[in-house]
Amino acid sequence: MFAKETYIERRKKLSKTVGSGIILLPGNGESPMNYTDNQYHFRQDSCFLYYFGLDHPDLIGYIDIDNDKEVLFGNDLTVDDIVWMGVKPTISERASQVGVAETYPLNKLASFISEAQKKGREIHYLPPYRAETKVFLFELLGIKPSQAKEQSSLKLVKAIVNQRNYKTKEELNEIEKAVNVTVDMHLTAMRMARPGLKEWEIAAAVHKVALASGGNLSFPIIATIHGETLHNHYHGNTIQSGDMFLLDAGAETPMHYGGDLSSTFPVDKTFSNRQKEIYNVALAAHEAAIAMLKPGVTNKDVHLKACLTIAEGMKELGFMKGNMQEAVSKGAHALFFPCGTGHMMGLDIHDMENLGEELVGYDGEPKSTQFGLKSLRLARKLEPGFVLTIEPGVYFIPDLIDMWRAENKFSDFINWDKVEQYKDFGGCRNEEDFVITETGARLLGKPLPKTIEDVEAER
Ligand code: GLY
Ligand code: MN
């Protein structure tokens, strides 16, 4: 946890921006896997963590802006709980760690709320993403679970996005720790991958590095010889000579700030010529995107530069033809790169995605509906303090290739016969994490090998 002043300051700023009413920030509870006492790994809600810092289930943060009052609701342990889980700090001890003076048991919250409702006061809450939170709000506020999102507070969402999007020094420090562990996860995979291993053996070794750092994963591991599937969580394939291995994995620190890196490497000692050619196109796009990072540039332009670099690289290799500016504006390159160049990162690996991509990554501007561009999570003007990933890639997705070819789509830009020969290639991407500075951008964490020579040196 940071010093309590950090949380006090964050809440003060939030209250000032929201202006009036009550802010209700429920933390997460334990989530049963198959029965109550057998639970999924607990993950605190990131907004609760940001303002109240406490990494424990069943706590509710309550801020009465007009009466300048902050309350933490939660139950102290019963003797049965202590027998089961051991002694833990009391709610009031926990509250004082984050500068909150008033605490009550959970069953007192309803009377606070009904009092506020009687007076017609505004109660601000965030769009809930867990069923349990929707039911909690239903019982407390009388809002139907299906309407919980539409009745949530846009004012609160905007205030939080405007605060959490700008990372402070202490947050950057945490993120950098997470990225450094993440680099070690990738080096572990790069050094151990070889034909005959199962993908899950690599996934297990990678997960171990995250756990051994005292934290955990920041999102489920993608460890695959089928890198063309963007979020491939299947780990049951046996690695064969000639495969490329794509790892997209990250650690989060015990304070839950995350890292998110991707690497692609041959499972043999060296890249084949075919692998080198495609890998270098993806790497050129990655470097071109990084070179553009600075305040004032839109991340949409960073993305379009990555798209153009991929299109030009694929044209040089004979996969595309014609005018590549035109191909990108029409979306033809999305055959090879159907997703976005990156996203915000922080306490969530897609930071605040639960609050709405258009507010976090688009500053309220509408998103494109074009295939490829519609998957870009971050398009707004970059500003100092933003933390983001850069992760363009080149993918050969057999179903997409078959579908577009059958439709004779983009035949002015795509050499379908050449593409057909690479349908079994898979996919590759590199991913790194950056903070936007006053004058440019800074790589977070130690560098991960990414040139052909540097990757081969790890094999
Ligand atoms: N690296 C996981 C993601 O960006 O979705
Ligand atoms: Mn990512």
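Residues numbered from 1 in each chain as written. Chains lettered and ligands numbered in written order. Predicted model: local features only at pLDDT ≥ 70, side-chain atom pairs only at ≥ 80, totals over all residues. Heavy atoms only, no water.

Attention now goes to the sheet that holds strand β12 (residues 261-266). Here we have three strands laid out as an open sheet, ordered β9-β10-β12, and antiparallel in their pairing. The open sheet has two edge strands, β9 (222-224) and β12, and neither has a second partner. Ignoring which end each strand starts from, the neighbouring axes of this sheet average 10° apart. One ladder, built from six bridges, connects strand β10 (residues 244-249) with β12; its direction is antiparallel. Note that in β12 the partner of L246 across the bridge is T264. Relative to β10, helix α9 (residues 199-212) is tilted by about 35°, and along the sheet it contacts β9 and β10. (Pairing = 2+ DSSP bridges. Helix = DSSP H or I, 4+ residues; strand = E, 2+ residues; numbered from the N terminus. Axes fitted to C-alpha atoms, helices over the stretch in contact; angles between N-to-C directions. Contact = heavy atoms within 4.5 Å.)

With that settled, the discussion passes to the pairing of strand β16 (residues 432-436). Taken across its five residues, β16 has five buried, putting it largely inside the fold. Neither face of β16 is exposed, since E432, F434 and I436 on one face and D433 and V435 on the opposite face are all buried. Relative to β16, strand β13 (residues 387-390) is paired through four bridges, and the arrangement is antiparallel. Among the inter-strand pairings, V387 is bridged to a residue of β16, identified as V435. When β16 meets strand β17 (residues 441-443), the two strands line up antiparallel, connected through three bridges. The residue of β17 that forms the bridge with I436 is A441. (Buried < 20%, exposed > 50% of the residue type's maximum accessible area, 1.4 Å probe, protein only.)

The pairing of strands in a sheet happens through backbone hydrogen bonds and is either parallel or antiparallel. Strand order across the open sheet formed by five strands is β6-β5-β4-β1-β7, with mixed pairing between neighbours. Taken across any chain shown, the strands that pair with only one partner, and hence form the sheet edges, are β6 (102-104) and β7 (123-124). In this sheet, strand β4 (residues 60-64) lies alongside strand β1 (residues 22-26) in antiparallel orientation, the contact comprising five bridges. Among the inter-strand pairings, I22 is bridged to a residue of β4, identified as D64.

This part covers the pattern of salt bridges. Where charged atoms of side chains with opposite charge meet at close range, the side chains can pair. Scanning all chains against the criterion turns up 31 salt bridges. The partner of D64 in a salt bridge is R121, and the shortest N-O contact between them spans 2.7 Å. Of the two residues, D64 sits in strand β4 while R121 sits in the loop between α5 (109-118) and β7, which places them 57 residues apart along the sequence. Owing to a relative accessible area of 5%, D64 belongs among the buried residues under this scheme. Put simply, E420 and R405 hold a salt bridge, and the shortest N to O gap is 2.9 Å. (Salt bridge = Lys/Arg side-chain N within 4 Å of Asp/Glu carboxyl O.)

Counting 122 residues, the largest nonpolar core has M314, M320, F336 and F396 as the members making the most contacts within it. With nine residues, the single largest contributor to this core is helix α8 (residues 169-192). Beyond its immediate chain neighbours, meaning those up to four positions away, M320 contacts A311, M314, K315, A327, A332, H333, F336, F413, I414 and N415. The next biggest cluster of nonpolar side chains, apart from the first, holds 17 residues, and it includes L24, L109, Y125 and A148. (Core = buried A, V, L, I, M, F, W, Y, C linked by side-chain atoms within 4.5 Å.)

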